[in-house]
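This is what each chain is made of:
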Amino acid sequence: MANLLLLKRRIKAAGNVSKTTKAMQMIAVSKLKKAQDATFAGRPYVEKLSSISQNVLGKLNNESLHVYMKKNDSKNNLVIILAPDKGLCGGLITNLIRRIVSFNNENKNNLYLTVGKKVESTITNLGAELIASFKFGSTLPSFNMVLPIAQIIDEYFLSRKVGTVKIISTNFTSIFSQKPVITDLLPIDLSQIESSSFSLFEPLADELLPPLLRHYLEMTIYQHLLESYASEQGAKMVAMQNATDNALEIVQDLQLEYNKGRQEKITNEILDIGSAAFTFAYE
Amino acid sequence: MNLLFEIITPEKVIYKDEVNEITAPTVTGEITILPNHVNLLTQITPGELIVKKGNNLQHLAVTGGFLEIQNNKVSVLAEYAIKAQDIEVARATEAKKRAEKVMSEKSTDNELRVAQAEMIKAILELKIATKHKKRAV
């Protein structure tokens, strides 16, 4: 009897879990839709911007290089990490952290800037220097998040405290696949630039470049934020779907066991009554 | 010979079509682009962008961004753009009031910068919306 009550309680618990995870799944689905739209919509803009930037750069001679393109001899790296605030999104964070750790082992002298609470402690555990950390938030990242990050990048890169700026984030390829990637942000790589096809600049290329590159920098960071957000929601949706499926499976198994136990109890009672009646009949 | 014209913002591609003529506000003054224009890169300022296709004029509000012309393909990269007929006057008025409030209070540099951008956007939207309404009447 006690055993049956216990089973009943466990069935209820698993049922509740499945309800919670199902709700979280639905939330992730609706957020994912928005995130996916924003991410895909942002891609053509960033691609165009990068092609324009490269085109302008091709027009410049070495003397008029912009500060964002100049290499300096500082051996420090500024690493910006974009990660979710909360867990419950499958292997996403584990993969990201693994990538960070391997990066930290390969490269020395790293300064970190994190967005998202989940990786903050990882950086401190690594014994690396954390210069700033921001919250990622649970809604679609707004462009305003980029400004303080860009400010810090400027402060460190322009004063030559760091030689390179990199971003570690997750790239949203599809709902089922999000890969951690490392992107070089600064200095802007000059090796891939083709020659320029523009014949006219208004104002002159030298004046046009600073706002263009600044905008390019901000938009690239923003696009990475969007990709990370979409990845988080995608991973969360899949993880919660799996959790719901597992919980329902447990409910089914327990229900089966409970039914068996109940049947056994009834059979035993009938046997009792039967044997008692049998004894009376012979007296 | 036509121009292939597109306006891309971070949110979406606002406009993509073959057109005859484009008038855009740039930092060095308003320019009109006709087919076979020389390849050009320029910075645009907040203002009104007019696209002419056949006898049709399409008015758009754009905030700052960049414009490139490459072999009769014109692309505008704008932080924000909206077609004149899509402007919601009530919403723009509201946004302007909100921005004014933030600017009158003691705010951080960041908040001010955002409010200022909102303000420019709202004023521009209102200006183009009213101008357009008069024309329609």
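Everything numeric here is computed off the predicted structure, so don't read it as measured data.

Now for the overall build of chain A. The number of helices and strands found in chain A is five helices and six strands. When the elements of chain A are put in sequence order from the N terminus, they spell out α-β-α-β-α-β-α-β-β-β-α. Here the C-alpha atoms of chain A give a radius of gyration of 29 Å, more than 25% beyond the 19 Å that 2.2 N^0.38 yields for 283 residues. Taken along the three principal axes of its C-alpha coordinates, chain A extends 120 × 40 × 30 Å. Contacts spanning at least 24 positions in sequence make up 77% of the contacts within chain A whose residues lie at least 6 apart. When the accessible area of chain A is evaluated, it comes to approximately 15000 Å², of which 55% is carbon and sulfur surface. Counting 31 positive and 27 negative side-chain charges, chain A places the averaged centre of each group 4 Å from the other.

Of the regular secondary structure elements, chain B holds two helices and ten strands. The N-to-C order of helical and strand elements in chain B reads β-β-β-β-β-β-β-β-β-β-α-α. The globule rule puts the C-alpha radius of gyration for 137 residues at 14 Å, and the 16 Å found for chain B is close to it. Principal axes of the C-alpha set define a box for chain B whose edges measure 55 × 35 × 25 Å. By the burial criterion, 44% of the 137 residues in chain B qualify as buried. Across chain B, every contact between residues at least 6 apart in sequence was considered, and the portion connecting residues at least 24 apart equals 52%. Accessible surface, chain B as shown: approximately 7300 Å² in total, 51% of it carbon and sulfur.

Now for the nonpolar core. Residues and elements named next belong to chain A. Membership of the largest hydrophobic core comes to 54 residues, with the highest contact counts inside it found for Ile153 and Val165. Of all the elements in the fold, those that place two or more residues in this core are α1 (2–57), β1 (77–82), β2 (110–115), α4 (146–158), β4 (164–174), β5 (177–186) and α5 (205–282). Sorting elements by how many residues they give to this core places α5 first, with 15 residues. Not counting residues up to four positions away in its chain, the partners in contact with Ile153 are Leu78, Ile80, Leu158, Val165, Leu185, Leu186, Leu217 and Ile221.

Before going further, it helps to spend a moment on the interface of chain A and chain B. Listed per partner, the contact involves 27 residues of chain A and 27 residues of chain B. Of the roughly 2200 Å² buried between chain A and chain B, counting both surfaces, carbon and sulfur atoms make up 65%. Between Lys48(A) and Glu68(B) there is a salt bridge, with the nearest N and O atoms lying 2.8 Å from each other. Of all the elements in the fold, those that place two or more residues in the side of chain A that touches chain B are α1, α4, β6 (200–202) and α5 of chain A. Looking at which element gives the most residues to the side of chain A that touches chain B, the answer is α1(A), with ten residues. Classifying every residue of the side of chain A that touches chain B gives 17 nonpolar, six polar and four charged. Bridge analysis of β6(A) against strand β5 (residues 40–44) of chain B gives three bridges, and the strand direction is parallel. Directly across from Glu202(A), in β5(B), lies its bridge partner Thr42(B).

Let us now look at helix α3 (residues 117–126) of chain A. All names here are of chain A. Residues of α3 that are buried include every one of Val119, Thr122 and Ile123, and no others. Buried residues of α3 fall within an arc of 100° about the axis and therefore sit on the same side. α3 presents Thr124 and Asn125 as exposed residues on the side facing more than 90 degrees away from its buried surface. In this fold, the buried residues of α3 make contact with β1, α2 (92–106), β2 and β3 (129–134). Taken from the residues just after α3, Gly127 is the one with a positive phi, measuring 80°.

Let us now look at the domain arrangement of chain A. Often, the extent of an interface is quoted as the loss of accessible area upon association of its parts. According to the domain assignment, chain A contains domain 1 (2–14 + 242–282) and domain 2 (22–238). Distance between the C-alpha centres of domain 1 of chain A and domain 2 of chain A: 57 Å.

Residues and elements named next belong to chain B. Each assigned domain of chain B is listed here: domain 1 (3–84) and domain 2 (87–136). Domain 1 and domain 2 are separated by 22 Å when their C-alpha centres are compared. The interface is formed by twelve residues belonging to domain 1 together with ten residues belonging to domain 2. When domain 1 packs against domain 2, close to 960 Å² is buried across both sides, 70% of that on carbon and sulfur atoms. Among the residues domain 1 hides against domain 2, the three largest losses belong to Glu48, Tyr80 and Ala84. Together they make up 45% of the total. Taken together, the connections running from domain 1 to domain 2 amount to zero salt bridges. Along the contact surface separating domain 1 from domain 2 lie three residue pairs in polar contact (both at pLDDT 80 or more).

Residues and elements named next belong to chain A. Mapped onto the secondary structure, Gln223 falls in helix α5. According to the relative accessible area criterion, Gln223 is buried, its value standing at 6%. Apart from residues no more than four positions distant in its own chain, Gln223 is found in contact with Thr39, Gly42, Arg43 and Val46.

With that settled, consider the sheet that holds β2(A). Residues and elements named next belong to chain A. With mixed pairing, five strands are arranged side by side in an open sheet as β3-β2-β1-β4-β5. Each end of this open sheet is capped by a strand with a single partner; those strands are β3 and β5. Between one strand and the next, the sheet's axes are offset by a mean angle of 25°, whatever the strand orientation. Bridge analysis of β1 against β4 gives five bridges, and the strand direction is parallel. The residue of β4 that forms the bridge with Val79 is Lys166. Docked against the sheet, α2 engages β1, β2, β4 and β5, running at close to 150° with respect to β4. Against the sheet, α3 touches β1, β2 and β3, its axis set at about 160° to β2.

Calculation notes
Residues numbered from 1 in each chain as written. Chains lettered and ligands numbered in written order. Predicted model: local features only at pLDDT ≥ 70, side-chain atom pairs only at ≥ 80, totals over all residues. Heavy atoms only, no water. Helix = DSSP H or I, 4+ residues; strand = E, 2+ residues; numbered from the N terminus. Rg over C-alpha atoms; globule rule 2.2 N^0.38 Å. Contact = heavy atoms within 4.5 Å. Areas by Shrake-Rupley, 256 points an atom, 1.4 Å probe, with all protein chains shown as cover. Lys, Arg positive; Asp, Glu negative; His and termini not counted. Charge placed at Lys NZ, Arg CZ, Asp CG, Glu CD. Buried < 20%, exposed > 50% of the residue type's maximum accessible area, 1.4 Å probe, protein only. Core = buried A, V, L, I, M, F, W, Y, C linked by side-chain atoms within 4.5 Å. Buried area = accessible area lost by both parts, 1.4 Å probe. Salt bridge = Lys/Arg side-chain N within 4 Å of Asp/Glu carboxyl O. Nonpolar A, V, L, I, M, F, W, Y, C, P; charged D, E, K, R; others polar. Pairing = 2+ DSSP bridges. Arc of directions from axis to C-beta. Domains from an automatic or database assignment. Polar contact = N/O pair within 3.5 Å; in protein donor to acceptor, adjacent residues only side chain to side chain. Axes fitted to C-alpha atoms, helices over the stretch in contact; angles between N-to-C directions.

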